[in-house]
Amino acid sequence: MTPRLYADLMITTSEAEDIALKYFGISGSASPLSGELDFNFCIKTTSGTSYMLKVSRPDVETQHIDFQQKILEHLAKQEKDISCPDIIPNKEGASLTVFLDANGYSRQVRMLSWIEGRLWSSVQPISDDLLFSLGKETGKITTALFNFNHPFGVREMVWDIDQSLWIKEYVHSFTGAQKAILERYIFDFLSIKNQLGQCRKSIIHNDVNDNNILVSFDTTKPIVSAIIDFGDAVHTSSVNDLAIAVAYGIMGKPDPLEAASKIVAGYHTQFPLKEVEIDLLYVLIAMRLCISVTKSAINKRQEPDNDYLLISENHAWRLLALWMEIDTHYAKFTFRHACGLDAHPEQSAFGSWAKNQSFSIADLFPQLENKKICHADMSVGSTWLGHKIDYENNDLFSFKLKQWSKKNDGALIANGYLETRPFYSTDAYCKEGNHGPQYRSVHLGMDFWVDAGIHLHAPFEGEVFSVFDNDLDKDYGPTIILKHSFDDQKSFYTLYGHLDKSTLNVVKKGQYIIKGQHIGYIGNETENGHWTPHLHFQIMLDLLGHKHNFPGVAFPNETDIWKSICPDPNLFLQSNALLRSEKIIPRT
């Protein structure tokens, strides 16, 4: 059988105008619109009224067209404020018209009312509010269709994320980094298949892409005005509607996870997500992108002249490369936070357990004579901290610390948890955010400003997870990470940074440590990452895939997520001087 050429399948603008006039009595000029399953046109009359003409590809099942029509009828009856097109009947009053084209192919034709708006793909900039609006409108549609049923909804569908494993057959067509991306997410998807069965199922839109999203003409506060084209609707996991909206909505964003969180937050207001659905979202988003790039590769061979079928390919590959850099757990924590949950699911349990635990300065540094703690403000704007030239001079900074300790009866200076500090201004702490450059500046641990050589002891029993020299400038230098347990089956970690190189020989990976055991020494500035001597102490409920290191500072806009992953060490110390709401500002 000779394959049909794309040129033979096409409907010209002249043919579209003839169809509109002959079958619907509508005279106007036709402009082609994008589409995969249908050939779409805007028919604009001389009076200024516009319509959407949809002409099927040959031999499309009538049941498929009926499915789409029934969806529009169903949405029109919903109480939710959903903007969707009305069905325009033909001259005989029928909602569907069938005719034979010039090549003898059977075509099915529909006319719909026109919804005004700008295509998402043409809108710049994409604001956080607009991303939230996209999530909200997508959630409305998921909710409205949740109890809708139609026999055509259950079918094989290549764009269905639940059925996405068909792409395995095409992985061999790719090489290098692209092949590695596909293989990684196929593996991830296989690992969540059982959990996917716990997700709610329903008929969904299934194609909330940047050419099916209409945005209002308000350029100051634009909102999503409509989501159109239900040709790909299918019965699948309900959360896939969100995954698809995210996949296309965040393309082109330097920080795709932050952008995704805005869409998730909007969606959750209309279709509240279950925790299992949140857990799987990162992989589902990736798999939709994998389907997209695989389909593009196939379509290049089948219809090389159809630019629409390739429209998202380059953007999708770029997004997949960025998505690969995001830790799966951190993505889950970000989405949980967007839905109003504790970012880390064990945050509350850990806090409850920690209330009945404690350690003191004497446990960490038993050789210190004065066990009192005082606080020193090292946040941005601190008058005590002074100018950059003051705190970047380690000798001068050490002198200031000693003077402040003397003014407080020789107390140990401790500080830093969730302090926004000016120290981290180099490129190593910077990234391009969605609103310009961002710096990791919110301190996630607690610093104890003790002299080099002071002995360090373990505040809890546990196991040495890592002992390693992170010897880059302004890194931790020699670092220990201990693994501990709480509530019997759950784990947390403690990190000890800026140590002496001799520490590397005091403990070893896998070693069991008892509370109070000597584990190392505080390092001097030549060994500890070039900092004024101190201990960086940090608690982590998840290592996010890190083996020897862990971020000690966070971006300000991610603080709420990171403080859930890294609880306040003062949960254990219970020092009034370190209470964040009662911090003492040092006198100058």
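Okay, so let's go over this structure.

## What about the overall build of the chain?
Next, step 1: Along the chain, the regular secondary structure elements total 16 helices and 25 strands.
Next, step 2: Expressed along its principal axes, the backbone C-alpha trace of the chain runs to roughly 95 × 45 × 40 Å.
Next, step 3: Put simply, the chain has 588 residues, and 56% of those count as buried.
Next, step 4: A fraction of 74% describes how many contacts in the chain between residues 6 or more apart in sequence connect residues 24 or more apart.
Next, step 5: Approximately 25,500 Å² of the chain is accessible, and the part contributed by carbon and sulfur atoms is 51%.
Next, step 6: Of the side-chain charges in the chain, 55 are positive and 72 negative, and the distance between the mean point of each set is 3 Å.

## As for the sheet that holds strand β21 (residues 490-497)
Next, step 1: Pairing is mixed in the open sheet, where eight strands are placed in the order β12-β13-β17-β24-β21-β20-β19-β22. The two strands at the open ends of the sheet, each matched to only one other strand, are β12 (373-374) and β22 (512-513).
Next, step 2: Each of β12, β13 (412-415) and β17 (446-449) is contacted by helix α14 (residues 394-407), which is oriented at about 110 degrees to β13, the strand it contacts most.

## Structural notes on the packing of aromatic side chains
Next, step 1: Tallied over the entire structure, the rule returns 36 aromatic pairs.
Next, step 2: Measuring from centroid to centroid gives 5.9 Å for F550 and W562, while their planes differ by 80 degrees, and the two rings are edge-to-face. One end of the pair, F550, is in the loop between β24 (535-540) and β25 (553-554); the other, W562, is in helix α15 (residues 559-565), and twelve residues separate them in sequence. Here F550 and W562 have matching classes, each one buried.
Next, step 3: Among the aromatic residues, those joined into a ring-pair cluster are F350, W353, F359, F460, F486, F492, Y496, F537 and F572.
Next, step 4: Lying across the ring of W531, K474 places its NZ or CZ 4.3 Å from the centre.
Next, step 5: A cation over a ring is seen here: K509 above F465, with NZ or CZ 4.9 Å from the ring centre.

## Regarding helix α3 (residues 62-76)
Next, step 1: End to end, α3 covers 21 Å across 15 residues, agreeing with the expected 21 Å (1.5 Å per residue, within 8%).
Next, step 2: Residues of α3 that are buried include every one of H64, I65, F67, Q68, Q69, I71, L72, H74 and L75, and no others.
Next, step 3: For α3, the secondary structure elements touched by its buried residues are β2 (38-45), β4 (87-88), β6 (106-113), α4 (128-145), β8 (201-204) and β11 (234-237).

## What about unusual backbone geometry?
Next, step 1: Here the amide bond leading from Q124 into P125 is cis, since omega sits at -5 degrees, within 30 degrees of zero.
Next, step 2: Structurally, the position occupied by P125 is in the loop between β7 (118-119) and α4.
Next, step 3: For D409, which is not glycine, the phi dihedral falls at a positive 60 degrees.
Next, step 4: Within the secondary structure, D409 is located in the loop between α14 and β13.
Next, step 5: Note on D409: relative accessible area 60%, which makes it exposed.
Next, step 6: The phi torsion at H498 lies on the positive side, around 70 degrees, for a residue other than glycine.
Next, step 7: With respect to the helices and strands, the residue H498 is situated in the loop between β21 and β22.
Next, step 8: Residue classification places H498 among the buried residues on the basis of a relative accessible area of 5%.

Criteria and thresholds
- Residues numbered from 1 in each chain as written.
- Predicted model: local features only at pLDDT ≥ 70, side-chain atom pairs only at ≥ 80, totals over all residues.
- Heavy atoms only, no water.
- Helix = DSSP H or I, 4+ residues; strand = E, 2+ residues; numbered from the N terminus.
- Buried < 20%, exposed > 50% of the residue type's maximum accessible area, 1.4 Å probe, protein only.
- Contact = heavy atoms within 4.5 Å.
- Areas by Shrake-Rupley, 256 points an atom, 1.4 Å probe, with all protein chains shown as cover.
- Lys, Arg positive; Asp, Glu negative; His and termini not counted.
- Charge placed at Lys NZ, Arg CZ, Asp CG, Glu CD.
- Pairing = 2+ DSSP bridges.
- Axes fitted to C-alpha atoms, helices over the stretch in contact; angles between N-to-C directions.
- Phe/Tyr/Trp six-rings, centres within 6.5 Å; stacked < 30°, edge-to-face > 60°.
- Lys NZ or Arg CZ within 6 Å of the ring centre and 35° of its normal.
- Expected span 1.5 Å × (residues − 1).

Everything listed here is a matter of coordinates, which is why it stays silent on function.
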